[in-house]
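Structural description and commentary
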Amino acid sequence: MNDIVINRLSRLVAILTILQTRRLITSASLAEKFGVSTRTIYRDLKTLDQAGVPILTEDGKGYSLMEGYKIPPVMFTENQANALIIAEQLVLKNRDSSLIKDYADAIDKVKAVLRQSEKDKVNLLSLRTKFDKLKDFEINSNNLSALQNALTNFYLIKLDYINAESKKSERIVEPFALLNTRESWLLVAYCRLRAEFRFFRLDRIKKLEILSDNFIPHKMTLQEFFEKYHEH
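Residues numbered from 1 in each chain as written. Predicted model: local features only at pLDDT ≥ 70, side-chain atom pairs only at ≥ 80, totals over all residues. Heavy atoms only, no water.

1. A short note on the sheet that holds strand β4 (residues 168-180)
The 5 strands lie next to each other as β6-β5-β4-β3-β7, forming an open sheet whose pairing is antiparallel. Strands with a single pairing partner mark the edges of an open sheet, and in this sheet they are β6 (196-201) and β7 (205-214). Neighbour to neighbour, the strand axes of the sheet diverge by 45° on average, direction disregarded. One ladder, built from 7 bridges, connects β4 with strand β5 (residues 185-191); its direction is antiparallel. Of the residues in β5, the one forming a bridge with Asn-180 is Trp-185. Sitting on the sheet, helix α7 (residues 144-153) is in contact with β3 (155-162), β4, β5 and β7, with an inclination near 80° to β4. Where helix α8 (residues 222-229) meets the sheet, its contacts fall on β4, β5 and β6, and the angle it forms with β4 comes to roughly 120°. (Pairing = 2+ DSSP bridges. Helix = DSSP H or I, 4+ residues; strand = E, 2+ residues; numbered from the N terminus. Axes fitted to C-alpha atoms, helices over the stretch in contact; angles between N-to-C directions. Contact = heavy atoms within 4.5 Å.)

Following this line, the structure appears as C-alpha cells:
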C-alpha cells in the first residue's frame, strides 16, 4: 500500500504509538513499515513536532520521544460514547464496505479507552440498538475510503465507469465532494473528458486508481457548487 491510499492521520497516530513503545526508530524502518518514502516520513515527523510532540533526533541512529512524554488519554462522557454507538449502527447500514471497516476499527479504539463500566454500557447499547435495513440492502461499493483520501489530498483519479446505459468509459476526474443517497454514494468530480462537473455512482465504478498527480483545488464550497450548477 502506498502513500496515496494510506490515511495520513492514521499513519501519524501509528507513528506516535511506535515512538511511545520503542526507544529508538529510524525513518527507513518507518518508511518500510508504512510503504512510503523516507521523505514522507520526514514530513510526518515534522508535522508531529509542529503539533507539540517532543521528538528527539540522534544523528545516524534515529528518532525517539522525550523521556516522560505520554499522550494524554482520550476521555469520553457516557453520552458521547452512546452517541458514537448510535452512529455505528447507522454506518453498519452503509453500502460501502471500506467505510464500515474503517468505522468499526475506530469504534474499537474508542472502546479501548473507556472504563470497564462504560464498556459494559456501550456494549449493551450496541446490542439493543438496531435500525431497519434499507430495502434490498447490499454492499455495492468498497472505494469510499480511498476516494475520501483522494478528495482531501487533491489527487487525480482514473475511473473505469459504467453509465446508466451500460456504456463503459475511462475518465480522469478531480474529486470535489461525496454525497450519500438511498441507492448509493455519489462522487461529485470535475471530469476532464467532458470538461465539466459530473456525478458518478460508486457502485458503477468498475475500476479505480488514485494517481500520484495533484490537481488545483476548486475554490468553492459545496453549497456554492449547488447554487452555481443546480439552481433549478
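2. What to know about the nonpolar core
One finds Ile-157, Leu-159, Val-173, Leu-187, Phe-200, Leu-202 and Ile-210 to be the most contacted residues of the largest nonpolar core, which totals 22 residues. Those elements giving two or more residues to this core turn out to be α5 (97-112), α7, β3, β5 and β7. Each residue touching Ile-157, except ones within four places of it in the same chain, is listed here: Leu-147, Ala-150, Arg-171, Ile-172, Val-173, Pro-175, Leu-208, Glu-209 and Ile-210. Ranked by size, the runner-up nonpolar core spans 17 residues in total, among them Leu-16, Leu-45, Val-53 and Ile-55. (Core = buried A, V, L, I, M, F, W, Y, C linked by side-chain atoms within 4.5 Å. Buried < 20%, exposed > 50% of the residue type's maximum accessible area, 1.4 Å probe, protein only.)

3. Focus: the environment of Asp-160
Structurally, Asp-160 can be placed in strand β3. With 10 residues separating them in the primary sequence, Asp-160 and Glu-170 have C-alpha atoms 4.6 Å apart.

4. Quick word on helix α6 (residues 116-128)
Over its 13 residues, α6 extends 18 Å from the first C-alpha to the last, a length consistent with the 18 Å expected when each residue adds 1.5 Å. All of the buried residues along α6 are Glu-118, Val-122 and Ser-126. Projected down its long axis, α6 shows its buried positions confined to an angular sector of 75°, all on one face. Opposite the buried face of α6, at more than 90 degrees from it, the exposed residues are Leu-127 and Arg-128. (Expected span 1.5 Å × (residues − 1). Arc of directions from axis to C-beta.)

5. What to know about the packing of helix α2 (residues 27-34) against helix α3 (residues 38-50)
Where α2 meets α3, the axes come as close as 8 Å, and the angle between the chain directions of the two elements is 105°. The orientation of α2 with respect to α3, classified from their angle, is roughly perpendicular. For the pair α2 and α3, the contacting residues are Ser-27, Ala-28, Leu-30, Ala-31 and Phe-34 in the first and Thr-38, Ile-41 and Tyr-42 in the second. For the contact of α2 with α3, a count of residues per class yields 6 nonpolar, 2 polar and no charged. (Parallel < 35°, antiparallel > 145°, perpendicular 65-115°, else oblique. Nonpolar A, V, L, I, M, F, W, Y, C, P; charged D, E, K, R; others polar.)

6. Some thoughts on the packing of helix α4 (residues 78-92) against α6
Remark: α4 packs on α6, axes separated minimally by 10 Å, with the N-to-C direction vectors making an angle of 30°. Between α4 and α6, the crossing angle belongs to the class labelled roughly parallel. Crossing of α4 over α6 shows right-handed handedness. For the pair formed by α4 and α6, the contact residues are Glu-78, Ala-81, Asn-82, Ile-85, Glu-88 and Gln-89 on the first element and Lys-121, Val-122, Leu-125 and Ser-126 on the second. Residue composition of the contact of α4 with α6, grouped by class: 4 nonpolar, 3 polar and 3 charged. (Left-handed = near helix turned anticlockwise from the far one by under 90°.)

7. Thoughts on the pattern of salt bridges
Pairs can form between side chains of opposite charge whenever their charged atoms are close. As enumerated under the stated definition, the model contains 4 salt bridges in all. The salt bridge involving Arg-11 is made with Asp-44; its shortest N-O contact spans 2.6 Å. Residue Arg-11 is located in helix α1 (residues 8-21), and its partner Asp-44 is located in helix α3; the two are separated by 33 residues in the primary sequence. When the shortest N-O distance is used, the salt bridge between Asp-203 and Arg-201 registers 2.6 Å. (Salt bridge = Lys/Arg side-chain N within 4 Å of Asp/Glu carboxyl O.)

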